[in-house]
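Structural characterization, general
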Amino acid sequence: MSAGASDTPVLKVEHLTMRFGGLVAVDDVSLEARRGEITALIGPNGAGKTTVFNCITGFYKPTEGMIILTQANGRRYLLERMDDHVINATAGVARTFQNIRLFPGMTVLENLMVAQHQMLTAGPARALGSLIGLAAYKRAEADALSLAIHWLERVGLTARADQAAGDLPYGDQRRLEIARAMCTRPELLCLDEPAAGLNARESDELNGLLRSICTEENTAILLIEHDMSVVMRISDHVIVLDHGSVIADGPPDEVQNDEHVIAAYLGVPDEEVAEVEKEVGA
Ligand SMILES: Nc1ncnc2c1ncn2[C@@H]1O[C@H](COP(=O)(O)OP(=O)(O)OP(=O)(O)O)[C@@H](O)[C@H]1O
C-alpha cells in the first residue's frame, strides 16, 4: 500500500448489481479504492466497467448493493441514494468520460472556473451570496482562480490559459479534463479511459500526472483503461470484470498472470488457456 493511504477505503462497493430488463450488466460486484492509490478496473468490451462507473457517479441507480464513500474527515455517504450533482459537490467524486466533455467554446481557464462555480453555487446560501456579492463569495472566487492557476501549472497548460479549449491538441484536452476534475478537490477521481488516443509521450506524461495526484493530493483514483501497458505501469491494484462479475482482484503482476483473466481476454474457456497460450507463444 502507498504511504499515506488510510485503513478505511475511500470507496467501498458492496454487492453491486445492475440489471437492464433481463440483462445483468453488473452482477454482485464488490470492490474498494484507497486514498493515495490507483485502482484499475479492466475487462473485455461489455464486461460492465462503465456501468460500475455510472452507478458510483449517480448516472444509474443500482438495482441492488451499497456504494460507500468515506471522506478524509471521516464523513460517510451512501452514493446509491444520492443524485449525481450531489455526489460530485458534496461527497467529492469527480469523473472524466471516454469522450472528452469540455466546454469547447470557453477558454482553458474558464473551463476550470466553471467547474468550481458549479461547486460554489451547489448550496442555497452560496447561491444567494453570488447574487448579492458578499465578501465571502468574492473570497471564494479569488480562491477558485488561484486553484485554477495551480492546476493549469500542474498540467502544463499555463501558456494556453486564454485559448479556446476546443482548439487544444487532443492530449492537452485530456489533461485539461483531469485539471477540471481536480479543481473540485475530489476525494475520489474516476477516469474513463484517460489514455485513449494518446501517443507514447502523452501517455507517459499522463502516467506521471496521475501518480503525482495520488502522492501529492492523496486522492483515490479509480480508472477504466484498455491500454494494458498503462494499467500495469501505474496501478497499485487491478480489478478484472468479465460478464458483469469480478474474476480477479490483486496487484498488477498477479492479475496479469491469472488464467481466468487470460481466458477472458482471449475469449476461451479456462481449461483451454494453456493450449492457446502455447499457440500464441505467450
Ligand atoms: N443503459 C443501458 N441499457 C441497456 N443495456 C446497457 C445499458 N448500459 C450498458 N448496457 C449493457 O450492459 C453491458 C455492460 O456494458 P458496459 O458499457 O458497462 O461495459 P464496458 O465494460 O464498459 O464495455 P466497453 O469496454 O466496451 O466500454 C453491455 O451488455 C451493455 O450493452
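In case you missed it, the structure is sitting above this.
Residues numbered from 1 in each chain as written. Predicted model: local features only at pLDDT ≥ 70, side-chain atom pairs only at ≥ 80, totals over all residues. Heavy atoms only, no water.

1. Some remarks on the sheet that holds strand S1 (residues 11-20)
The strand order across the open sheet formed by four strands is S2-S1-S4-S5, and the pairing between neighbours is antiparallel. For this open sheet the edge positions go to strand S2 (23-33) and strand S5 (76-78), each flanked by a neighbour on one side alone. Averaged over all adjacent pairs, the angle separating strand axes in this sheet is 20 degrees, with direction ignored. Looking at chain direction, S1 and strand S4 (residues 64-70) are connected through five bridges and run antiparallel. Bridged to Val 13 within S4 is Ile 67. Here helix H1 (residues 49-56) sits on the sheet and contacts S1, S2 and S4; the angle it forms with S1, its principal contact strand, is near 115 degrees. (Pairing = 2+ DSSP bridges. Helix = DSSP H or I, 4+ residues; strand = E, 2+ residues; numbered from the N terminus. Axes fitted to C-alpha atoms, helices over the stretch in contact; angles between N-to-C directions. Contact = heavy atoms within 4.5 Å.)

2. Overview of helix H6 (residues 170-182)
An ideal rise of 1.5 Å per residue puts 18 Å on 13 residues; H6 measures up with 19 Å between its terminal C-alpha atoms. Of all 13 residues in H6, 12 are buried, a share of seventy percent or more. Residues of H6 that are buried: Gly 171, Asp 172, Gln 173, Arg 174, Arg 175, Leu 176, Glu 177, Ile 178, Ala 179, Arg 180, Ala 181 and Met 182. (Expected span 1.5 Å × (residues − 1). Buried < 20%, exposed > 50% of the residue type's maximum accessible area, 1.4 Å probe, protein only.)

3. Some thoughts on the nonpolar core
Judged by nonpolar contacts, the single largest core of 43 residues is most densely connected at Leu 176, Ile 178, Leu 189, Leu 210, Ile 213, Ile 221 and Leu 223. Summarising the domain contributions, this core has at least three residues from each of domain 1 (1-92 + 187-282) and domain 2 (104-185). What Ile 221 contacts, discounting residues up to four positions off in sequence, is Glu 37, Ile 38, Thr 39, Leu 189, Leu 191, Leu 210, Ile 213 and Cys 214. Counting 30 residues, the second-largest nonpolar core is a separate cluster that includes Ala 33, Leu 41, Leu 188 and Ala 220. (Core = buried A, V, L, I, M, F, W, Y, C linked by side-chain atoms within 4.5 Å. Domains from an automatic or database assignment.)

4. Quick word on the side chain of Thr 39
Tracing the backbone shows Thr 39 in strand S3 (residues 38-42). Using a relative accessible area of 1% as the deciding quantity, one classes Thr 39 as buried.

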